[in-house]
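# Structural description and commentary
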Amino acid sequence: GKDIPGQASLVFDVVLLDLHNPKDGITIENQHVPESCERRSQTGDFLRYHYNGTLLDGTLFDSSYSRNRTYDTYVGRGYVIAGMDEGLLGVCTGEKRRIIIPPHLGYGEEGRGKIPGSAVLVFDIHVVDFHNPSDSVSITVNYKPSNCTVLSKKGDYLKYHYNASLLDGTLLDSTHSLGKTYNIVLGSGQVVVGMDMGLQDMCVGERRTVVIPPHLGYGEDGVEGEVPGSAVLVFDIELLELVSGLPEGYMFVWNGEVSPNLFEEIDQNHDGEVLLEEFSEYIQAQVDSGKGKLAPGFDFEKIVKNMFTNQDRDGNGKVTAEEFKLKDQEAREEHDEL
């Protein structure tokens, strides 16, 4: 045509950007594999990982580090390009690997955004953690006292120390740094479900490591500025004190026989009606004398008000002898009705 004259010798200066064969699969180069690898990722797991994405000539097209947050996805389920889906299988937590993906397992002939068509992709990934939606809490006992007969159960009041971290060792929180224990009533919803499970059947002095998957921890949202979304949590726990709780459904129990004239004893002015103040004073006296016990770890006033409201059937702020019933009497009446 007009640009190249006839019989001309041509000179091409060529830079080879990449090449592949349609038969190529992905290439995996392991850069770092942790010595301790209890489990490798498999289809259906949910991974959190960082990555740098480049072309074969080193041109950077994307990086999770620049966004200061991990890329989170299920693997083996088609949520990412086919080459990455395959390359993320069989990894360990903390592993670093390079995944080289031919275009037919990447973004194909058309490319995407900064990625040209038919480009070979290179991903340098660092696996932060992974879990499976079917995972439960993992408990490892590090120390158990020889005298371990009283075990924690739902309703017990516990005082314990903990260090909380991510699977990669990043420290999130520690009661040791605060200089005080964390105190809860077990099974009352004061901590995440996984911690409630991890504190079951412990004895005082016991130390254990509890690994909590996100669906039993802080979920996909995490805690802003504190816990990343979908993070697996590791708690190193030491139980320091245990106060036995009451049977389920009870906020107050008697340590001995119940007086047959209980209502008359509570009704101090003998007017046939018990006010909240009278009720509260009486319960406080029973606890102080050791004749009764309140559920540990709860606010006294809230417990007593709840007990009083339960007796105040008509809600007029007064309890009469006809309204007054003990817990076991209520249970028998319900049973009779059934």
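Here's what I pulled together on the structure shown here. Everything numeric in this text was worked out from a predicted model, so none of it was measured.

Another point: the environment of Glu322. Tracing the backbone through its elements, the reader meets Glu322 in the loop between β16 (319–320) and α7 (327–337). What makes Glu322 exposed here is its relative accessible area of 66%. Between the C-alpha atom of Glu322 and that of Gln311, which follows or precedes it by 11 residues, the distance is 9.8 Å.

Let's shift gears to the pairing of strand β9 (residues 171–174). As judged from the 3 bridges shared by strand β8 (residues 157–166) and β9, these two strands associate in the antiparallel manner. What sits directly across from Asn163, in β9, is Ser174. Between β8 and β9, which pair antiparallel one after the other, the connecting turn spans 4 residues, and Gly169 there sits at a positive phi close to 95°.

We now examine the nonpolar core. Counting residues in hydrophobic clusters, the biggest one holds 23 residues, and the most contacted among them are Tyr160, Met195, Leu199, Ile212, Phe235 and Ile237. If you list the elements that add at least two residues to this core, you get β8, β11 (207–212) and β12 (233–243). Apart from the residues within four sequence positions on either side, Ile212 is in contact with Val137, Val192, Gly194, Met195, Gly217, Ala231, Val232, Leu233 and Phe235. In this structure, Leu47, Tyr49, Leu105 and Ile125 belong to the second largest nonpolar core, which totals 22 residues.

The rules behind the values
- Residues numbered from 1 in each chain as written.
- Predicted model: local features only at pLDDT ≥ 70, side-chain atom pairs only at ≥ 80, totals over all residues.
- Heavy atoms only, no water.
- Helix = DSSP H or I, 4+ residues; strand = E, 2+ residues; numbered from the N terminus.
- Buried < 20%, exposed > 50% of the residue type's maximum accessible area, 1.4 Å probe, protein only.
- Pairing = 2+ DSSP bridges.
- Core = buried A, V, L, I, M, F, W, Y, C linked by side-chain atoms within 4.5 Å.
- Contact = heavy atoms within 4.5 Å.

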